[in-house]
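Structural characterization, general
Letter by letter, the chains look like this.
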Amino acid sequence: MQELNPEWLLQVKAGDIGAFTQIVETFQKPVYSLCYRMLGNAQDAEDAAQETFMRAYKSMHRFDLKRPFSTWLLSIAAHYCIDQIRKARMKLISIEELSIPELPDRELGVEMKLSHKEEQEKIRILLEALSPTDRACVVMYYWHEFSYDEICDALSLSQSAVKSRLHRARREMARQWKNNYSESLLMEGMVS
Amino acid sequence: MNHQPYEEWLFFDPDNPKEQLSKEEVVELQEHIEGCPSCRSLMHAWNEVKVELELTPQISPEKGFTDRWAKRLEIINHQVRRKEALRVFLLLLLGVGVMMGMLIVLLWPSVSSPNDVFWSAYGRFINIYSMLYVVLTSLTTIFNASIKFVPMSLWIILMGIIFELGVIWIVSYRALTLPRRINP
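Residues numbered from 1 in each chain as written. Chains lettered and ligands numbered in written order. Predicted model: local features only at pLDDT ≥ 70, side-chain atom pairs only at ≥ 80, totals over all residues.

**Overview of the overall build of chain B**
Secondary structure assignment for chain B yields seven helices and zero strands. Each helix (α) and strand (β) of chain B, taken in turn from the N terminus, gives the series α-α-α-α-α-α-α. For chain B, with 184 residues in total, the buried portion stands at 8%. (Helix = DSSP H or I, 4+ residues; strand = E, 2+ residues; numbered from the N terminus. Buried ≥ 20, exposed ≤ 12 C-beta atoms within 10 Å, placed from the backbone.)

Right, dumping it as structure tokens:
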């Protein structure tokens with residue numbers, strides 16, 4: 001995970017919007033990616049990423065410069081996404097009702113696009129089986145290369161909680177995979 | 001078949017030093033997996049998931065994300081400014097309301113009987129006017145009478161003294177009010 005020039009942070013703290021725009025430019029990909037993995041569709045991910053930067057901008061005066069900025073920023077994104085998922089669950093929207101996720105056009109060929117979409121769909125289904133906090137742990141650990149300590153810091157969890165959540169998430173994802181894509185395993189004679 | 005603790009061990013994180021299996025445990029796990037199709041399929045499923053997680057890259061937002069953010073910030077700032085202006089306006093309105101309320105409380109006796117207030121004010125105005133008229137008439141009479149008794153030369157001396165006093169007053173006033181020269 002990339003870190004920032006501390007001078008940018010000082011400039012932002014002094015009220016320089018231009019410096020924060022540079023921060024948005026630098027961190028848009030990891031923040032958007034985390035939101036996409038958490039929420040499962042492009043529109044919600046865009047809204048969540050925008051809101052994350054807005055919240056970060058408003059809270060910059062409270063940011064401790066000794067803390068890694070990326071951890072702090074992704075922590076805001078993760079908490080926002082967890083809240084959004086919980087709110088959506090409160091509205092009793094079933095997974096089936098959610099629209100098929102649309103990925104941003106990345107100028108790929110048709111076949112590549114389809115394959116890419118399939119892969120993303122598989123990941124989405126895997127992650128949707130997890131609780132919001134477990135999902136955040138998995139996304140931070142596997143896509144953002146956060147250490148256990150960083151996840152603890154970002155999600156305000158103890159180290160044992162992170163460890164058990166990741167363990168549970170791995171087992172859940174494996175089970176999900178086994179249930180959804182068992183044909184390939186059956187062909188290999190691996191399923192009892 | 002009992003799958004514990006093997007199912008637990010399958011999902012240990014090899015990168016976490018606290019979740020390392022000993023050599024004996026690794027052998028034990030391998031022996032169990034060879035004889036247990038359920039755990040074997042789970043292990044293969046997890047291996048495939050791991051590959052998916054490792055190969056699937058981070059996703060970029062659509063182009064122009066930063067511009068969209070800047071526009072959003074501008075809109076929000078505009079809304080905040082409008083809210084602040086509205087808050088100040090409401091605060092002023094509240095202040096005016098409170099002052100009006102206090103004024104009504106203070107003037108309530110007058111407001112409750114406006115007829116008395118009007119005639120009382122009218123009476124006072126007439127009194128003041130009569131007093132001023134009397135004072136002015138008296139002063140005019142004294143002045144007219146004094147002209148006849150005071151000689152012309154005394155008048156000229158009196159006017160001269162008044163003029164001198166006026167000049168002294170203007171000079172003193174200017175000397176006191178002009179800014180002092182400050183040395184660089």
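**Comments concerning the overall build of chain A**
The secondary structure content of chain A amounts to nine helices and zero strands. Going from the N terminus to the C terminus, chain A shows its helices and strands as α-α-α-α-α-α-α-α-α. Here chain A holds 192 residues, and 34% of them are scored as buried. The contacts of chain A with a sequence gap of at least 6 include a subset with a gap of at least 24, amounting to 66%. (Contact = placed C-beta atoms within 7 Å.)

**What about helix 4 (residues 69-90) of chain A?**
Taking 1.5 Å of rise per residue, 22 residues should cover 32 Å, and helix 4 of chain A covers 32 Å from first to last C-alpha, within 8% of that figure. For helix 4 of chain A, the secondary structure elements touched by its buried residues are helix 1 (6-13), helix 2 (17-39), helix 3 (42-59), helix 6 (132-142) and helix 7 (148-155) of chain A. (Expected span 1.5 Å × (residues − 1).)

**Here we look at the interface of chain A and chain B**
Contact residues are listed per partner, giving 36 residues for chain A and 29 residues for chain B. Breaking the side of chain A that touches chain B down by element, the ones donating at least two residues are helix 2, helix 3, helix 5 (110-128) and helix 8 (159-180) of chain A. By residue number, the principal contributor to the side of chain A that touches chain B is helix 2 of chain A, which donates nine residues. Each residue belonging to the side of chain A that touches chain B can be placed in one class, and the counts come to 22 nonpolar, six polar and eight charged. (Nonpolar A, V, L, I, M, F, W, Y, C, P; charged D, E, K, R; others polar.)

**Let's talk about the nonpolar core**
Burial of nonpolar side chains together is a common tendency in soluble globular proteins. All names here are of chain A. Among the nonpolar cores identified, the biggest contains 58 residues, and V31, C35, A77, A78, C137 and M140 are the most heavily contacted of them. The biggest single contributor to this core is helix 2, with eleven residues. Other than its neighbours up to four places away in sequence, C35 contacts A45, A48, A49, T52, A77 and C81. (Core = buried A, V, L, I, M, F, W, Y, C linked by C-beta atoms within 7 Å.)

**Re the packing of helix 6 of chain A against helix 8 of chain A**
All names here are of chain A. One way to put it is that helix 6 packs onto helix 8 with a least axis distance of 9 Å and a crossing angle of 90 degrees. Classed by the angle they form, the pair helix 6 and helix 8 counts as roughly perpendicular. On helix 8, the residues that touch T133, D134, C137, V138 and Y141 of helix 6 are V162, R165, L166, R168 and A169. Residue composition of the contact of helix 6 with helix 8, by class: six nonpolar, one polar and three charged. (Axes fitted to C-alpha atoms, helices over the stretch in contact; angles between N-to-C directions. Parallel < 35°, antiparallel > 145°, perpendicular 65-115°, else oblique.)

**Examining unusual backbone geometry**
Residues and elements named next belong to chain A. Located in the positive-phi region is E145, a residue other than glycine, with phi close to 50 degrees. Structurally, E145 can be placed in the loop between helix 6 and helix 7. A tally of 9 C-beta atoms within 10 Å means that E145 is categorised as exposed. In the Ramachandran plot, S156 falls in the positive-phi region, its phi being about 55 degrees despite a non-glycine side chain. Following the sequence through the fold, S156 ends up in the loop between helix 7 and helix 8.

**A few points about the confidence of the model for chain A**
Overall, the prediction assigns chain A a mean pLDDT of 83, with 80% of residues at 70 or greater. Least confident of the elements in chain A is helix 9 (residues 182-187) of chain A, whose mean pLDDT is 56; most confident is helix 3 of chain A, at 94. (pLDDT = per-residue confidence, 0-100.)

**Digging into helix 3 (residues 37-55) of chain B**
Over its 19 residues, helix 3 of chain B runs 27 Å from end to end, which matches the ideal 27 Å to within 8%, given 1.5 Å per residue. If you check which residues of helix 3 of chain B are buried, you get C39(B), R40(B), S41(B), L42(B), M43(B), A45(B) and V49(B).

**Some details on the packing of helix 6 of chain A against helix 7 of chain A**
Helices that pack against each other are described as a pair by the angle of their axes relative to one another and the distance between those axes. All names here are of chain A. Look at helix 6 against helix 7: their axes get within 10 Å of each other, and the N-to-C directions meet at 140 degrees. Considered as vectors, helix 6 and helix 7 are oriented oblique to each other. Crossing of helix 6 against helix 7: the hand is right-handed. Contacts from T133, A136, C137, M140 and Y141 of helix 6 reach helix 7 at I151, A154 and L155. (Left-handed = near helix turned anticlockwise from the far one by under 90°.)

**Considerations on the confidence of the model for chain B**
In the predicted model, chain B carries a mean pLDDT of 86, and 95% of its residues have values of at least 70. Confidence scores differ between elements of chain B, with helix 5 (residues 108-112) of chain B showing the lowest mean pLDDT of 72 and helix 4 (residues 65-106) of chain B the highest of 93.

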